[in-house]
Amino acid sequence: MTNPFGIVSSEAILEGAATDAYFERTRTTLEHAEKNPRVVAEVTADQFPTGSFEVCTGVKDVATLFEGRNVDVDALPDGQLFDGGPVLRVEGPYLEFAELETALLGFLSQPSGFATAALEARLAAPDATVLSFGARHVHPAITATVERAALLAGLDGFSHVAAGDILGREAGGTMPHALMFCFGEGNQDEAWQTFDEAVPADVPRIALADTFWDEKSESLLAAETLGEDLDGVRIDTTGSRRGNFRHIIREVRWELDARGYEDVDIFCSGGLGPENIRELRDVADGFGVGSHITEADSVDFSLDIVAIGDEAEPISKRGKLSGVKEVYRTDDGGHHVALADRDGPADAEPLLEPLVRDGEIVREFDLETASERCLADASAVGFDS
């Protein structure tokens, strides 16, 4: 089988076949009428600033999508926050990119949602280790998209091996409950000891400590078993068994400290979101976040033609703003939208930057730089986790 999982191919995306059918009908109609006007189209979620910021990402894939096509594209820098106005602008003959709209919006909408949710988790515990554990909740084909969005938002690592191969990063993680089951109740110490003997030395010794007995008992047994080699314990207590999860973590911390294991970290996981993390960040050292990221709503981007013809005459559908626009960041963190041929706010920085010129990608992409930008901009705009 050449496509056993029924995944839309890269070739189909680049050729414009990964599209909604009405764009094919549009091409047929315009070619029949011999019409192919030059247009300016903009991608927006909200027309005016709302005060509710989101992270823009996915622009690297958009650049690849437009490479080799007779268009100019401007976009926000990867990782920039926005709360209204265009995040991307395309200019060129309409039929150069008509069928690409569906894929274009997909490249921006879902990753931006993932990154925004990951940023919420990151800022909920800025001094803790926060890892992305959500790859199991999405189609395997987009796991690298999830993990890249998490890294862009400042998370410290992720769990998915194949995504790591794509991103050039090593996946992290220690042991699942399945490993503990294979050794059986009463043999937890053997499981941890064998793990310590088997895995490479650079893998953290984080013992899963909630499988058969209460969290305190298993955490103390892990500490006694591995001694100074134990880096931490992971508490992944099922929600139905948690009761007061904060009290459980405090109790584990107390008992470890009482026996001289102050250096053993406590790592929490299992359906955690920003609210849970804020409640635990002063008693836990790290968190695994999964569904909060992967269940995030996609950003509701749309692409609309805002100017048409060689003179770029303003045009728009009802409810949308006509004319080519620019977006700005002011020194106080404000996000502003204005017509591109007018002066922007005083002391404001325009945010849209060249991405593609005449079909050639003119921007370089670096994940570290994008992550730094995302966190700095979150501070500048007062992003609230």
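If you check an unreviewed UniProt entry, the chain appears there as Nicotinic acid phosphoribosyltransferase from Natronococcus occultus SP4.

**Quick word on a negative patch on the surface**
Taken together, E228, D229, D231, E262, D263 and D265 make up a surface patch of like negative charges. With respect to the secondary-structure elements, D265 resides in strand 10 (residues 265-268). You can call D265 partly exposed: its relative accessible area is 37%.

**Some remarks on helix 9 (residues 215-226)**
Between the first and last C-alpha of helix 9 there are 16 Å, a value that for 12 residues agrees with the 16 Å anticipated at 1.5 Å per step. Every buried residue of helix 9 is listed here: E215, E218, S219, L220, L221, A222, A223 and L226. Looking at the buried residues of helix 9, the elements they touch are helix 8 (188-198), strand 8 (206-208), strand 9 (232-235) and helix 11 (245-258). The opening residue of helix 9 is D214, an N-cap whose side-chain oxygen sits 2.9 Å from the backbone nitrogen of K216. Backbone geometry just after helix 9 places G227 at a positive phi near 55 degrees.

**Observations regarding the nonpolar core**
Membership of the largest hydrophobic core comes to 60 residues, with the highest contact counts inside it found for L81, I249, C268 and F287. In terms of residue count, helix 4 (residues 101-124) provides more of this core than any other element does, six residues in total. Per-domain counts for this core show at least three residues from each of domain 1 (10-114 + 297-381) and domain 2 (125-295). Leaving out residues up to four positions away in the same chain, L81 has contacts with F53, E54, V55, L119, R329, H335, C374, D377, A378, V381 and F383. In this structure, F23, L30, A75 and Y94 belong to the second largest nonpolar core, which totals 36 residues.

**Details of the environment of V337**
Note that V337 resides in strand 15 (residues 335-339). C-alpha separation for the pair V337 and F53, spaced 284 residues apart in sequence, amounts to 14 Å. Once residues within four sequence positions are removed from consideration, V337 is found in contact with Q47, P49, G84, G85, P86, K325, E326 and V327.

About the cut-offs
Residues numbered from 1 in each chain as written. Predicted model: local features only at pLDDT ≥ 70, side-chain atom pairs only at ≥ 80, totals over all residues. Heavy atoms only, no water. Patch = residues over 30% accessible without salt bridge, like charges linked within 9 Å, V, L, I, M, F, W, Y side chains within 5 Å. Areas by Shrake-Rupley, 256 points an atom, 1.4 Å probe, with all protein chains shown as cover. Salt bridge = Lys/Arg side-chain N within 4 Å of Asp/Glu carboxyl O. Lys, Arg positive; Asp, Glu negative; His and termini not counted. Charge placed at Lys NZ, Arg CZ, Asp CG, Glu CD. Helix = DSSP H or I, 4+ residues; strand = E, 2+ residues; numbered from the N terminus. Buried < 20%, exposed > 50% of the residue type's maximum accessible area, 1.4 Å probe, protein only. Expected span 1.5 Å × (residues − 1). Contact = heavy atoms within 4.5 Å. Polar contact = N/O pair within 3.5 Å; in protein donor to acceptor, adjacent residues only side chain to side chain. Core = buried A, V, L, I, M, F, W, Y, C linked by side-chain atoms within 4.5 Å. Domains from an automatic or database assignment.

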